[in-house]
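# Understanding the architecture of this molecule
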Amino acid sequence: MSEEETKVEAATEAPATEGSTTEEAAPKKKGKKWPIVVGVVVVVLIAAGAGFWVWHEQPSFCAAICHTPMDEYLETYEQEPGTTGVDKWGNEVSNTNAMLAVSHKAQGKDCMSCHVPTLSEQMSEGINWVTGNYVYPLEERDTDMLTEARGLDGDEFCLNESCHNLTRDDLVKATSGMEFNPHKAQHGEIECSECHKAHRASVMYCTQCHSEAEVPEGWLTVAEANKLSTAA
């Protein structure tokens, strides 16, 4: 064997040295994929949570999740303003603007604009729904009840910076041209909810004594309101 052939054979049989690029000396490393998977899962959960929260603030949520008794309330809200409609009990309303749910919707408001439940209230409502521990149709609540859990005065349900940034005195002046001023506390202070109704026609409180008192379009007198069917 020639010297040249001997060198070639030796090179062929020699073991791979460190740094060799052969397949045996440098196998492919498997990358760690779990951080990517976790990242994707987190993004999906965040997106789903954000989407649910947006839906949570929409009127459609009220009649879909845990709010079985709210169907009629949603139906009143979805009616067109300034038309003949029905209230939460199915009674005819000659002008839907007489219901705050409709007139507020026309101004870009939704359920959560007025109903701002605390976490404890939402938990309590959820438990009551699961156990069936609720009255149907729902009992009508006044402004004091609607703000009690938040520690607010009843007036603050309507008279606040986000809604009607007015005082009681401002209201008296705004309706001073009416013969019977409904905002003037001539017989003690009256809650806003005595007259203004969200899911049924509003009621002119003064008419319980003054039958000649002016009644806004679509509103009812006290006598008419007392005759309404309250069966859903």
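My aim in this report is to walk through the structure given alongside it, one point at a time. Every value quoted in this text rests on a predicted model; they were computed, and no experiment measured them.

### Here's the deal with the pattern of salt bridges
Applying the stated criterion to the full structure yields five salt bridges. Salt-bridge contacts for Glu140 lead to Lys197; the nearest nitrogen and oxygen are separated by 3.5 Å. Residue Glu140 is found in the loop between α7 (119-131) and α8 (143-147), and its partner Lys197 is found in the loop between α9 (168-174) and β3 (203-204); the two are separated by 57 residues along the sequence. The partly exposed category is assigned to Glu140, whose relative accessible area is 37%. With a closest N to O distance of 3.9 Å, Glu189 and Arg168 form a salt bridge. You can see Glu189 sitting in the loop between α9 and β3 and its partner Arg168 sitting in helix α9, a full 21 residues away along the chain. By relative accessible area, Glu189 is classed as exposed at 59%. Salt bridges sharing partners connect three or more residues here, namely Lys88, Glu140, Lys197 and Arg200.

### Regarding a negative patch on the surface
On the surface, a cluster of negative charge is made up of Asp144, Glu148, Asp153 and Glu156. Structurally, the position occupied by Glu156 is in the loop between α8 and α9.

About the thresholds
- Residues numbered from 1 in each chain as written.
- Predicted model: local features only at pLDDT ≥ 70, side-chain atom pairs only at ≥ 80, totals over all residues.
- Heavy atoms only, no water.
- Salt bridge = Lys/Arg side-chain N within 4 Å of Asp/Glu carboxyl O.
- Helix = DSSP H or I, 4+ residues; strand = E, 2+ residues; numbered from the N terminus.
- Buried < 20%, exposed > 50% of the residue type's maximum accessible area, 1.4 Å probe, protein only.
- Patch = residues over 30% accessible without salt bridge, like charges linked within 9 Å, V, L, I, M, F, W, Y side chains within 5 Å.
- Areas by Shrake-Rupley, 256 points an atom, 1.4 Å probe, with all protein chains shown as cover.
- Lys, Arg positive; Asp, Glu negative; His and termini not counted.
- Charge placed at Lys NZ, Arg CZ, Asp CG, Glu CD.

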